[in-house]
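# Structural description and commentary
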Amino acid sequence: MLIFGIPIQLFSTQIMLGLINGAFYAILSLGLAIIFGLLNIVNFAHGAFYMLGAFGALLMLDHLGINYWAALAIVPLVVGLLGCVIERFVLRWIYDLDHLYGMILTFGMGLVIVGIFRNMYGATGLAYSMPPGLQGGFNLGFMYLPASRAFVIVASVIVCLATWVAIEKTRVGSWLRAATEKPQLTEAFGINVPLLITLTYGFGVALAAFAGVLAAPIFSVNPMMGSDLIIVVFAVVVIGGMGSISGAILTGFMLGLVEGLTKVFWPQASSTVIFVIMAIVLLVRPAGLFGKQA
Amino acid sequence: MMQKNIPASSDAAAPLGMSRTHLVLMLVLAALVVVSPFTLYPLFVVKVLCFALFALSLNLMLGNLGLLSFGHAAYFGMSSYAAAHAAKVFGFTPELAILFGVLVALALGAVIGALAVRRKGIYFAMVTLAFAQMIYFFSLQAPFTGGEDGIQQVPRGNLFGLFSLRDDMALYALVAVVFLLGVLALYRITYSPFGQILRSIRDNEARAISLGYRVNGYKWLAFVLGAGFAGLAGSMKAIAFQLASLTDVYWGMSGEVVLMALIGGMGTFFGPIVGAALVVWMQNELASFGAWVTIVQGLVFMFCILAFRKGILGAVGQLLGRKV
């Protein structure tokens, strides 16, 4: 069977790969958006925390025998705690400064984290053995869907939706939204905003680590894995605008899909298509698809 | 807002409108450029001068407009590819190859700048970074860049078809002259009425608009000029080291040049030169320690942001009570 002259097998496989990339874009840009909303910091170290997540899963399996499923819960928790500590002792000093300083500071932080892992594990990739529950796959008739990849998409959709519900529909989420709009006023209502900020950074970073654990079995685990990805995620964030949680999620999946489609029709352009879309969005709607017009 | 940035020059009577402090600094700089190849390894100084010009080109926007072009390596790297290709494949003489590199950087800066100035602040940084990454992916695939190998064994050629640059000192003389001219040009731009308008946009954009300035046009021109000088630095580096490679378009290079401006003092004119010398020296010293360079750079970044935002020359200026 052919779609636009292309075998449906190839077509659907690329769409699936695109959705997987989109899942990572969505989780990472979601974390960036939450952090930026409250802290006004573009967390350049986000890619490093994603890498930490993948290495965390790998090291726990190798040294402690902790399996993938446990790592999915433990690693984000540990990395999130690390994020809380970093917020408390490093980031807190620069909130009064121009936002650029936050970006440069976290850039430096990312360099340090990645550098440490490059010293210890070199620049080549390490393999994370596929957890038993994710081996095999489903034959859908028109394509073969590996269980590991299906799981990544399902898990990321669930995490994104849960985050959206937590922020838009719960009490703590309402505090977060209030503090994002008017921190001083929120504090006047007796809400501990500094604590909220610490937890928010921890949560955003934990999301990145969760994405890293998801990535461990399907990509090779190496110290640089987050460094190029985070810049693409910046483009995603510019396209979506950082103002909206659902916007970040939708834009992430959408762009992954577009990237997958480009791979079908014009493979050479697939690594640049997101940047081209960014250029078009800047021309047509500079504030981003979901951003508030500035 | 950004910390105190490049102040206006006060004494208009001095040459090029320099204050006495700046005149002294300019003379010291020129003296250093003349003397250093006799005491240091000339090619090391060439590297410092190329990166110093690169860092100054970044600071044209950062210091005066408060806008960070976080993908500045795109212009540096692309122009070094262009110059290397022109010298090696087209057989251009070095001055034409460098000119060609600068033109490519200007054109690239004109396109990316027109898009980037549509966003402000932190988004501007992200947009420029993302476009630079696009240029990197393009360089990775394009046939003329040589992929992972880069363009190697670029001929230095004969300047104006007459003077051979094979000798390191001859090459040094060329780089030194271009560097000093570049510094003078950038100085003149910074303290021209155009530079004043850039700083007024930085300090109060709404007011600049209400006074009738087309601020996006000014930002764009500053961006294009910055890209052009980055291109000058990149082209010279390609000719001098006979190599254009992916390292020069990668985001790591963009980060390094930000570090140079930051260490030296982005609120000063001469600071990026000091920063460039320090960073290049540090890389030389740490070259054999692998990823430690990255770790040290990261730590220096963090230290500068947390505790040393004025940078070296900014701190010196504060001590002396003068604008440096």
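See the structure printed just above.
Residues numbered from 1 in each chain as written. Chains lettered and ligands numbered in written order. Predicted model: local features only at pLDDT ≥ 70, side-chain atom pairs only at ≥ 80, totals over all residues.

## Section: the overall build of chain B
Of the regular secondary structure elements, chain B holds 13 helices and two strands. Taken over the C-alpha trace, chain B has a radius of gyration of 19 Å; the compact-globule value for 324 residues is 20 Å, and the two agree within 12%. Taking the principal axes of the C-alpha coordinates as reference, chain B spans close to 50 × 40 × 40 Å. Going through the 324 residues of chain B one by one, you find that 55% of them count as buried. Contacts in chain B between residues at least 24 apart in sequence constitute 76% of all its contacts with a sequence separation of at least 6. (Helix = DSSP H or I, 4+ residues; strand = E, 2+ residues; numbered from the N terminus. Rg over C-alpha atoms; globule rule 2.2 N^0.38 Å. Buried ≥ 20, exposed ≤ 12 C-beta atoms within 10 Å, placed from the backbone. Contact = placed C-beta atoms within 7 Å.)

## Topic: the overall build of chain A
In terms of helices and strands, chain A carries 11 helices and four strands. For 294 residues, the compact-globule estimate of 2.2 N^0.38 gives 19 Å, and the C-alpha radius of gyration of chain A, at 19 Å, lies within 12% of that figure. Taken over the C-alpha atoms alone, chain A extends approximately 65 × 50 × 35 Å along its principal axes. Per-residue burial for chain A yields a buried fraction of 50% across its 294 residues.

## Side note on the packing of helix 10 (residues 251-264) of chain B against helix 13 (residues 311-320) of chain B
All names here are of chain B. Running from N to C, helix 10 and helix 13 cross one another at 10 degrees; their axes reach a closest spacing of 3 Å. Judged by the angle between their axes, helix 10 and helix 13 are roughly parallel. Between helix 10, through Leu 262, Ile 263 and Gly 264, and helix 13, the contact on the second element is made entirely by Gly 311, Ile 312 and Leu 313. Residues belonging to the contact of helix 10 with helix 13 are distributed by class as follows: four nonpolar, two polar and no charged. (Axes fitted to C-alpha atoms, helices over the stretch in contact; angles between N-to-C directions. Parallel < 35°, antiparallel > 145°, perpendicular 65-115°, else oblique. Nonpolar A, V, L, I, M, F, W, Y, C, P; charged D, E, K, R; others polar.)

## Comments concerning the interface of chain B and chain A
The interface is formed by 36 residues belonging to chain B together with 34 residues belonging to chain A. Elements supplying a minimum of two residues to the side of chain B that touches chain A: helix 5 (121-141), helix 10 and helix 12 (292-307) of chain B. Here the element with the most residues in the side of chain B that touches chain A is helix 5 of chain B; it accounts for 14 residues. Taken together, the residues that form the side of chain B that touches chain A break down as 26 nonpolar, eight polar and two charged.

## Notes on the environment of B:Gly298
Relative to the helices and strands, B:Gly298 resides in helix 12. Sequence-wise, B:Gly298 and B:Gly255 are 43 residues apart; in three dimensions their C-alpha atoms are separated by 9.7 Å. With near-sequence residues (within four places) excluded, B:Gly298 lies in contact with A:Gly108, A:Met109, A:Leu111, A:Val112 and A:Gly115.

## A few points about the nonpolar core
Residues A:Ile27, A:Ala209, A:Met278, B:Met126 and B:Ala130 are the most contacted members of the largest nonpolar core, which totals 208 residues. Of all the elements, helix 2 (residues 42-65) of chain B adds the most residues to this core, at 16 residues. When near neighbours in sequence (up to four residues on either side) are disregarded, B:Met126 contacts A:Val42, A:Phe234, A:Val237 and A:Val238. (Core = buried A, V, L, I, M, F, W, Y, C linked by C-beta atoms within 7 Å.)

## Thoughts on unusual backbone geometry
Across the chain, the bulk of peptide bonds are trans and the bulk of non-glycine residues have phi less than zero. Although it is not a glycine, A:Asn40 adopts a positive phi angle of roughly 55 degrees. As for its placement among the helices and strands, A:Asn40 is situated in the loop between helix 1 (8-39) and helix 2 (46-64). Overall, the presence of 16 C-beta atoms within 10 Å leaves A:Asn40 in the partly exposed class. Phi angles above zero are rare outside glycine, and B:Gln242 is one such case at about 55 degrees.

## Quick notes on the environment of A:Trp175
Residues and elements named next belong to chain A. Counting through the fold element by element, Trp 175 comes out in helix 6 (residues 171-181). Overall, Trp 175 belongs to the partly exposed group, with 16 C-beta atoms counted inside 10 Å. Leaving out residues up to four positions away in the same chain, Trp 175 has contacts with Thr 186, Ile 191 and Leu 196.

## Here we look at the packing of helix 3 (residues 73-90) of chain B against helix 4 (residues 94-116) of chain B
Residues and elements named next belong to chain B. The geometry of helix 3 relative to helix 4 is characterised by a closest axis approach of 8 Å and an angle of 145 degrees between their N-to-C directions. For the pair helix 3 and helix 4, the sense of crossing is right-handed. On the side of helix 3, the interface is formed by Ala 74, Tyr 75, Met 78, Ser 79, Ser 80, Ala 82, Ala 83, Ala 86 and Ala 87, while helix 4 contributes Pro 94, Leu 96, Ala 97, Ile 98, Phe 100, Gly 101, Val 102, Val 104, Ala 105, Leu 108 and Gly 109. Per-class residue counts for the contact of helix 3 with helix 4 are 16 nonpolar, four polar and no charged. (Left-handed = near helix turned anticlockwise from the far one by under 90°.)

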